[in-house]
Amino acid sequence: MSEQLPDVQASRPDVTVGLSQVGVTGVDKLVKIARNGKRPIVLMAEFEVFVDLPSWRKGADMSRNMEVIDEVLEEAVSEETYRTEDVCGDAAERLLEKHDYTSKAEVSMEAEFVVKDETPESKKPTQGTVDIIASATATEDGTTEEIGARVTGMTVCPCSQRMMSERAREKLEDLGVEESEVKEFLQAVPQAGHAQRGHATLTVESEGAPEVDLIDLIEVARDSMSARIYNLAKRPDEDHMTYEAHANAKFVEDCVRSMAEGVVTEFPDLPDDAVLTMKQSNDESIHQHNAHAERQVEMGTVRREIEAMQE
């Protein structure tokens with residue numbers, strides 16, 4: 001076609017309502033995270049990229065926009081970076097520069113990350129996987145970046161465990177066991193409770209890159225549940241996980257609170273305006289539904305809550 005076609009996307013829409021997010025999802029890119037003195041970590045990351053759209057514009061030039069987005073992501077991932085969240089921040093800032101009609105650009109990514117591990121009793125080397133979560137939002141006022149992870153663990157329901165403990169107590173008393181011995185036994189041998197596979201999500205967002213280590217965030221999230229789980233488990237390891245989980249029974253609410261306490265302890269230098277997002281979802285074993293709890297809060301607020309608890 002020799003004649004220049006009109007730019008339909010730039011025309012006025014029939015309904016002049018602005019949109020908060022227009023873009024693409026499911027964009028796969030290789031991301032290399034540099035490490036001092038070590039080989040880089042290579043991630044197969046999936047990106048989501050959005051800009052906002054003013055009420056006077058019909059569309060975001062989706063076909064041409066994809067070319068811009070692909071170019072921006074290629075530039076961002078081709079450069080050496082030490083922080084996953086900086087890739088998102090760089091891409092968001094470049095998108096904002098290239099779109100004169102938008103006031104906000106958002107880039108998020110998720111990638112599976114392999115962590116080296118060791119079984120708790122047999123001390124066998126093994127590996128596990130976690131999901132890295134990173135994002136950034138760029139506006140004229142600056143750029144915020146978020147980093148975190150979603151990990152899997154094990155929880156045990158305190159309520160069902162309490163009922164089983166009472167059943168065990170009654171039976172031991174019927175057998176003539178002294179009360180002091182019953183108490184000692186129940187303290188030494190945690191009783192059964194229905195177990196769940198738990199999914200903990202922990203992220204930190206701040207202006208610029210959050211001053212946290214991703215591996216430390218992963219550790220806090222893993223420790224927030226009743227027990228860690230491992231891909232490889234010999235019998236002593238299975239015994240360890242089962243005992244630890246039942247000795248540390250937790251509701252989903254307890255897991256979120258444990259994450260909050262862990263962040264305050266592990267990251268004392270985080271600024272008060274850093275935003276924490278803490279989520280716990282449990283795959284229930286005896287119900288057809290699942291359990292969920294979460295909290296999004298500024299670091300200063302949760303720090304004061306933890307300090308008040310310790311007074």
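Further up the page is the structure itself.
Bear in mind that the values here come from a model prediction, so they are computed numbers and not experimental data. (Residues numbered from 1 in each chain as written. Predicted model: local features only at pLDDT ≥ 70, side-chain atom pairs only at ≥ 80, totals over all residues. Heavy atoms only, no water.)

A. Summary view of the packing of helix H5 (residues 214-223) against helix H7 (residues 252-266). Orientation of H5 relative to H7, taken along the N-to-C sense of each, is 145°, at an axis distance of 9 Å. Handedness of the H5/H7 crossing: right-handed. Here Asp-216, Val-220 and Ala-221 of H5 lie close against H7, whose contacting residues are Met-259, Gly-262, Val-263 and Glu-266. Of the residues belonging to the contact of H5 with H7, the class tally is 4 nonpolar, 1 polar and 2 charged. (Axes fitted to C-alpha atoms, helices over the stretch in contact; angles between N-to-C directions. Helix = DSSP H or I, 4+ residues; strand = E, 2+ residues; numbered from the N terminus. Left-handed = near helix turned anticlockwise from the far one by under 90°. Contact = heavy atoms within 4.5 Å. Nonpolar A, V, L, I, M, F, W, Y, C, P; charged D, E, K, R; others polar.)

B. Representation of the packing of H7 against helix H8 (residues 299-310). Across the interface, H7 lies against H8 with an axial gap of 10 Å and an inter-helix angle of 95°. On the basis of their axis angle, the class for H7 and H8 is roughly perpendicular. Each of Ala-260, Glu-261, Val-263 and Val-264 in H7 lies in contact with H8, whose residues at this interface are Met-299, Val-302, Arg-303, Ile-306 and Met-309. Of the residues assigned to the contact of H7 with H8, the class counts are 7 nonpolar, no polar and 2 charged. (Parallel < 35°, antiparallel > 145°, perpendicular 65-115°, else oblique.)

C. Quick peek at the environment of Glu-48. Mapped onto the elements of the fold, Glu-48 is located in strand S2 (residues 38-53). Spatially, the C-alpha atoms of Glu-48 and Val-27 are 6.5 Å apart, while their sequence positions differ by 21 residues. In contact with Glu-48, not counting residues within four places along its chain, are Val-24, Thr-25, Glu-106, Val-107 and Ser-108.

D. Structural view of the pairing of strand S7 (residues 275-283). Looking at chain direction, strand S6 (residues 195-207) and S7 are connected through 9 bridges and run antiparallel. The residue bridging Val-204 from the neighbouring strand is Leu-276, located in S7. Relative to strand S8 (residues 291-298), S7 runs antiparallel, the two being bridged by 8 bridges. Its bridge partner being in S8, Lys-279 is matched across the sheet by Glu-294. (Pairing = 2+ DSSP bridges.)

E. Region of interest: a nonpolar patch on the surface. Together, Leu-30, Val-42 and Met-44 line one region of the surface with nonpolar side chains, adding up to about 300 Å² of accessible area. Looking at the element boundaries, Leu-30 is found in strand S1 (residues 19-35). Classification of Leu-30 as exposed rests on a relative accessible area of 52%. (Patch = residues over 30% accessible without salt bridge, like charges linked within 9 Å, V, L, I, M, F, W, Y side chains within 5 Å. Areas by Shrake-Rupley, 256 points an atom, 1.4 Å probe, with all protein chains shown as cover. Salt bridge = Lys/Arg side-chain N within 4 Å of Asp/Glu carboxyl O. Buried < 20%, exposed > 50% of the residue type's maximum accessible area, 1.4 Å probe, protein only.)

F. Examining the pattern of salt bridges more closely. For the coordinates displayed, the defined rule picks out 11 salt bridges. Notably, a salt bridge pairs Arg-222 with Asp-117, separated by 2.9 Å at the nearest N-O pair. With Arg-222 in helix H5 and Asp-117 in strand S3 (residues 104-118), this pair connects stretches of sequence that are 105 residues apart. This pair shows no difference in class: Arg-222 is buried, exactly as Asp-117 is. Put simply, Glu-305 and Arg-295 hold a salt bridge, and the shortest N to O gap is 3.2 Å. Of this pair, Glu-305 sits in helix H8 while Arg-295 sits in strand S8, placing them 10 residues apart in sequence. The structure contains a network of salt bridges with shared partners spanning Arg-83, Glu-85 and Glu-211.

G. Spotlight on the sheet that holds S7. Taking strand neighbours across the sheet as the criterion, the 8 strands line up as S1-S2-S3-S4-S5-S6-S7-S8 in an open arrangement whose pairing is antiparallel. Lying at the two open borders of the sheet, with one neighbouring strand each, are S1 and S8. For this sheet the average axis-to-axis angle between neighbouring strands, irrespective of direction, equals 15°. Of the strands in this sheet, strand S5 (142-156), S6, S7 and S8 touch H7, which is tilted by about 150° from S7. In the packing of H8 onto the sheet, the strands contacted are S7 and S8, and the crossing angle to S8 comes to about 105°.

H. Expanded view of helix H2 (residues 84-98). With 15 residues, H2 extends 22 Å between its outermost C-alpha atoms, agreeing within 8% with the 21 Å of an ideal straight helix rising 1.5 Å per residue. All of the buried residues along H2 are Thr-84, Glu-85, Val-87, Cys-88, Gly-89, Ala-91, Ala-92, Arg-94, Leu-95 and Leu-96. (Expected span 1.5 Å × (residues − 1).)

I. Seen up close, the side chain of Asp-117. With a relative accessible area of 19%, Asp-117 lands in the buried category. Here Arg-222 takes part through its side chain, which lies 2.9 Å from a polar atom of the side chain of Asp-117. (Polar contact = N/O pair within 3.5 Å; in protein donor to acceptor, adjacent residues only side chain to side chain.)

J. View of the nonpolar core. By size, the foremost hydrophobic cluster in this structure holds 61 residues, and its most contacted members are Phe-47, Val-107, Leu-270 and Leu-276. Leave out the neighbours within four places in its chain, and Leu-276 touches Thr-203, Val-204, Val-263, Leu-270, Arg-295, Gln-296, Val-297, Met-299 and Val-302. (Core = buried A, V, L, I, M, F, W, Y, C linked by side-chain atoms within 4.5 Å.)

K. Structural context of the packing of aromatic side chains. Counting across every chain of the model gives 0 aromatic pairs. The side chain of Arg-57 reaches across the aromatic face of Tyr-101, ending 4.1 Å from its centre. A cation sits over an aromatic face here: Arg-222 above Tyr-230, 5.8 Å from the ring centre. (Phe/Tyr/Trp six-rings, centres within 6.5 Å; stacked < 30°, edge-to-face > 60°. Lys NZ or Arg CZ within 6 Å of the ring centre and 35° of its normal.)

These figures capture arrangement, not role.
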